[in-house]
Amino acid sequence: MEEEAGPHPSPRFVSPKPPFNLAQPRPNFAPPQPPLPPHSSYPIPPPPPLAMGHGGRPAPPPPGGHVFPQAASTVLPDPGRFFAAGAPLRAAPHHCFFQNFTLKNGDQPEYIHPYSTFAADLTVSSPSDASAAGQPHKVVAFDDLSVTLDFSPSLRAFLVRGCPFVTVATADAAGPVDVSVASVHAFLEAAPCDGARTKWRLRMNSGQTFLLYASAPIQLSQSSVTQLAAPAFSGVIRIAYLPDAAMEAVLDQYSRCYPTAGEAALNRPFCIDYTWRKQGQGDLLMLAHPLHLRLLSEDCSVKVLDGFKYRSIDGDLVGVVGDSWALKTDPLSPTWHSTRGVNDDGVGEVVAALRKDVDSLASSPITTTSSYFYGKAIARAARLALIAEEVGCPEVIPAVHKFLKATITPWLDGSFQGNGFLYDSKWGGLVTKQGLQDSGADFGFGIYNDHHYHLGYFLYAIAVLAKVDPSWGRKYMSQAYSMVADFMTLSRKCGASYTRLRTFDLWKLHSWAGGLTEFGDGRNQESTSEAVNAYYSAALLGLSYGDAHLVSVGATLTAYEMLAAQTWWHVREGEGIYEDDFSGNNRVVGVLWANKRDSGLWFAPPEWKECRLGIQLLPLLPISEALFPDTGFVKDLVSWTTPALARDGVGEGWKGFVYALEGIYDKESALAKTRALSSHDDGNTLTNLLWWLHSRGDNSGRCCWYRQYGH
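**A few points about the overall build of the protein chain**
Phase 1: Tallying secondary structure elements over the protein chain gives 17 helices and 32 strands in all.
Phase 2: Each of the 711 residues in the protein chain was classed as buried or not, and the buried ones make up 62%.
Phase 3: Carbon and sulfur atoms form 52% of the exposed surface of the protein chain, whose accessible area is close to 25,300 Å².

Here it is, written out as structure tokens:
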């Protein structure tokens, strides 16, 4: 463990193997700028449209692709500096795996496991480009799984996620160029492995061994203890870290075929299809993380090399041969209500609490102008309407309807005082009025932090209101779909109003919450349950509008987000993904980064375990049943958390989430503790907790009257 600096030191899990790092070179001479690579204009068929209207008919697109007023932010960075001429700028990608390459100086590392880039461990450069020193690198092409980077006028890198090699090519227009391979470590050996001098072994005093493959003969000579030089080379260089000598034969076999681009398609429900473009000869060798291996379909003709693996912070990355993968998950049916219904013995208690909570809506107006806390408040009220449906108490629904209509409408028609949603054309997305000039307002929503969290709460409330008031839903359908489009657009078109899948990572299969801020450890996400809520709420919106496509996409992303949460945020001792000292001391990750795992939260130190549990559960919804399906793990998690509740100052709201999970295996104990709570989280109610607890257990004696109407 390492300790982070800050007011609350957080244990940090670090991958045991040092990564290969490709740093930006210091060039010497500038030949003509190379052309864009062939795949930058590769035609990609568009996916089906996201927005569908009632009865499956496409919804008419609003003018300009967005309906909220357009505004210019003073705090957003310029996306254009690091993109080559002709590269798409409107709806530029962010939360993407190469985001650090495009922010500020563009020199923070990125983690394309098992390697990282722009950290000076092993550096490939061209001394011929020295006169271009200081010029920024350029992103010349990108897609779901790769980025093509001109990191000097003479050298281009194909950085493809899951590739066991780092691939660098000389630019066609540059002709033969001098190449330098330098390290912060001393080279103990730099020796050719074949008579053609197309394979070299690089052994360092750090204990690392790398293999260098070249498409043409290359003559490496040691110009200093830490630097190798190769004159007049033209072609492709591939470098791979060799953690185990037994892996060398596999690297040899697949060294001649390299990927240049990669697409991920969501064209089938509960399936993501990967397809890589490749060059060279032979089959393509890639690496799969643990969730990939779990989901790889037998339908795709790939070969898994169980003995070929790299260790990474995401777990073992295992070799897979094949240029097309299909990742299939079990179907998920998003429903408005609990899957089992409320136990008949508990209906009376739920109804009594429901009446009180609904009555309090009239006397407790929402006072916050924060998009996050406002969203939680309206989603909290929307839960009451659905619980009323479930327990057969329809007489309270009109009061909830009135409250939701009065509180949601001003955010959609622009009449809300103090805040509101606006459209930013620079990065292609929604921002808030408060975030236009203050990057910290609304938890950074104005710089694209936490978009799926905030909008997920709004969409949940809008979905419920559109369900109980279809005429209102039709009136504000365009605004609702604009919110969905902000983080769930599937279009790859360069002129799209919103960037493609703003928060969801099609390689990691989960979302990232951090916005347009560079961090040395890459992107991050704290709350997986709020991410689940976003896609689940989009699916519910699809149910309200009769939009089967939106239901399908929302449910599919929900399913993958939950699986990723269970894989990387839910920590099981001895499972093997994390080292023993980390898995022995943690049951949930606080903040998951691209290259580290924090036990602490943004707002709480590691010892506040109740906050860690709660932030991975809230908001408490029917979908929460599927997020925590393993009773054994839940019992272990609650046991790990419970001692923290004895600490002075523990919030009642956080206790409620601990008791909710306890109710999965001990309902009576959880009910007694819940009844003694004096307050609840601002997105939760006593009604919601009692609904949850009384819908645990077996299926006998259940109140399920709503099921005859379907979901």
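**A word on the pattern of salt bridges**
Phase 1: Under the criterion given, the structure shown has 31 salt bridges.
Phase 2: Note that Lys376 is salt-bridged to Asp682, the shortest N-O span being 2.7 Å. One end of the pair, Lys376, is in helix H4 (residues 371-391); the other, Asp682, is in the loop between helix H16 (667-675) and helix H17 (686-694), and 306 residues separate them in sequence.
Phase 3: The partner of Glu573 in a salt bridge is Arg587, and the shortest N-O contact between them spans 3.0 Å. With Glu573 in the loop between helix H10 (548-569) and helix H11 (580-585) and Arg587 in the loop between H11 and strand E30 (591-593), this residue pair connects regions lying 14 residues apart in the sequence.

**Observations regarding the environment of Thr642**
Phase 1: As for its position among the elements, Thr642 is in the loop between helix H14 (631-641) and helix H15 (652-662).
Phase 2: Classification of Thr642 by relative accessible area gives partly exposed; the value is 36%.
Phase 3: Separated by 17 residues in the primary sequence, Thr642 and Tyr659 have C-alpha atoms spaced 9.4 Å apart.
Phase 4: Of note is the side chain of Thr642, whose polar atom sits 2.6 Å from the backbone oxygen of Val638.

**A short note on empty space enclosed by the protein**
Phase 1: Throughout the structure, instances matching the rule amount to seven cavities of 30 Å³ or more.
Phase 2: Surrounding the largest cavity, 16 residues form its lining, His113, Arg161, Asp314, Trp507 and Lys508 being those nearest its centre.
Phase 3: Those elements that place two or more of their residues in the lining of the largest cavity are strand E4 (110-112) and strand E20 (285-288).
Phase 4: Its residues assigned to classes, the lining of the largest cavity comprises eight nonpolar, three polar and five charged.
Phase 5: In terms of lining residues, the second largest cavity is bounded by Ile112, Tyr115, Thr117, Phe158, Leu159, Val160, Cys163, Phe165 and Val166.
Phase 6: Top element by residues in the lining of the second largest cavity is strand E9 (residues 155-160). It accounts for three residues.
Phase 7: Here the residues of the lining of the second largest cavity sort into eight nonpolar, one polar and no charged.

How each quantity is defined
- Residues numbered from 1 in each chain as written.
- Predicted model: local features only at pLDDT ≥ 70, side-chain atom pairs only at ≥ 80, totals over all residues.
- Heavy atoms only, no water.
- Helix = DSSP H or I, 4+ residues; strand = E, 2+ residues; numbered from the N terminus.
- Buried < 20%, exposed > 50% of the residue type's maximum accessible area, 1.4 Å probe, protein only.
- Areas by Shrake-Rupley, 256 points an atom, 1.4 Å probe, with all protein chains shown as cover.
- Salt bridge = Lys/Arg side-chain N within 4 Å of Asp/Glu carboxyl O.
- Polar contact = N/O pair within 3.5 Å; in protein donor to acceptor, adjacent residues only side chain to side chain.
- 1 Å grid on protein atoms, 1.4 Å probe; cavity = no way out; pocket = protein on both sides within 12 Å on 5 of 7 lines; lining within 4 Å.
- Points joined across faces, edges and corners; volume = space filled by probe spheres on them.
- Nonpolar A, V, L, I, M, F, W, Y, C, P; charged D, E, K, R; others polar.

Fair warning: the whole summary comes from geometry, so function is off the table for now.
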